[in-house]
Amino acid sequence: MLMRSTGLGKTELVAHIKDCKPQGDHLILYVDTSEPVKWKIRCTLTLKDVKVLIPVCMKFSIFAFIANIPRWFRDPKHPGDF
């Protein structure tokens, strides 16, 4: 996973999802960055967020992305400017 923040300028963070756990009314997503710094990032999602996320991901382009089985077995190409 690549991450960018407007606060970091053009810096890209290389990150990996480590875990997701429910806590009260939230899902806590645990992400570790490895480059250029090692950070442990936590994001919370509520049901309100999930209600937005599911319809946003229910697009043909997302299904086509996931259904492209050869993509599962190769290293991803850099997305360019995102």
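Residues numbered from 1 in each chain as written. Predicted model: local features only at pLDDT ≥ 70, side-chain atom pairs only at ≥ 80, totals over all residues. Heavy atoms only, no water.

Asker: Tell me what's going on with the pairing of strand 3 (residues 26-35), and back it up with residues and numbers.
Answerer: Relative to strand 3, strand 2 (residues 12-23) runs antiparallel, the two sharing nine bridges. Note that in strand 3 the partner of His16 across the bridge is Asp32. Where strand 2 folds back onto strand 3 in an antiparallel hairpin, the turn is made up of two residues, including Gly24, whose phi is positive at roughly 60°. Note that strand 3 and strand 4 (residues 40-45) share six bridges and pair antiparallel. Across the sheet, the residue bridging to Tyr30 is Arg42, located in strand 4. Between strand 3 and strand 4, which follow one another and run antiparallel, lie four residues. (Pairing = 2+ DSSP bridges. Helix = DSSP H or I, 4+ residues; strand = E, 2+ residues; numbered from the N terminus.)

Asker: Lay out the side chain of Thr33 with the relevant residues and their values.
Answerer: The topology assignment puts Thr33 in strand 3. Its relative accessible area of 4% is what places Thr33 among the buried residues. A polar atom in the side chain of Thr33 sits 3.0 Å from the backbone oxygen of Val37. Separated by 2.8 Å, the side chain of Thr33 and the backbone nitrogen of Trp39 make a polar contact. (Buried < 20%, exposed > 50% of the residue type's maximum accessible area, 1.4 Å probe, protein only. Polar contact = N/O pair within 3.5 Å; in protein donor to acceptor, adjacent residues only side chain to side chain.)

Asker: Requested: an account of the pattern of salt bridges, with residues and values cited.
Answerer: Pairing between side chains of opposite charge can happen when their charged atoms approach one another. Enumeration over the complete set of coordinates arrives at five salt bridges. Salt-bridge contacts for Arg4 lead to Glu12; the nearest nitrogen and oxygen are separated by 3.6 Å. Under the relative-accessibility criterion, Arg4 is labelled partly exposed at 28%. Exposure remark for Glu12: the relative accessible area of 22% places this residue in the partly exposed category. A salt bridge links Asp81 to Arg4; its shortest N-O distance comes to 2.7 Å. With a gap of 77 residues between them, Asp81 in the segment after helix 3 (69-72) and Arg4 in strand 1 (residues 2-4) connect regions that are remote in the sequence. (Salt bridge = Lys/Arg side-chain N within 4 Å of Asp/Glu carboxyl O.)

Asker: Explain the environment of Lys18 residue by residue, including any values.
Answerer: Within the fold, Lys18 resides in strand 2. On the basis of relative accessibility, which here comes to 56%, the residue Lys18 falls in the exposed class. Between the C-alpha atom of Lys18 and that of Arg4, which follows or precedes it by 14 residues, the distance is 18 Å. When neighbours within four sequence positions are excluded, Lys18 is seen to be in contact with Tyr30, Val31 and Asp32. (Contact = heavy atoms within 4.5 Å.)

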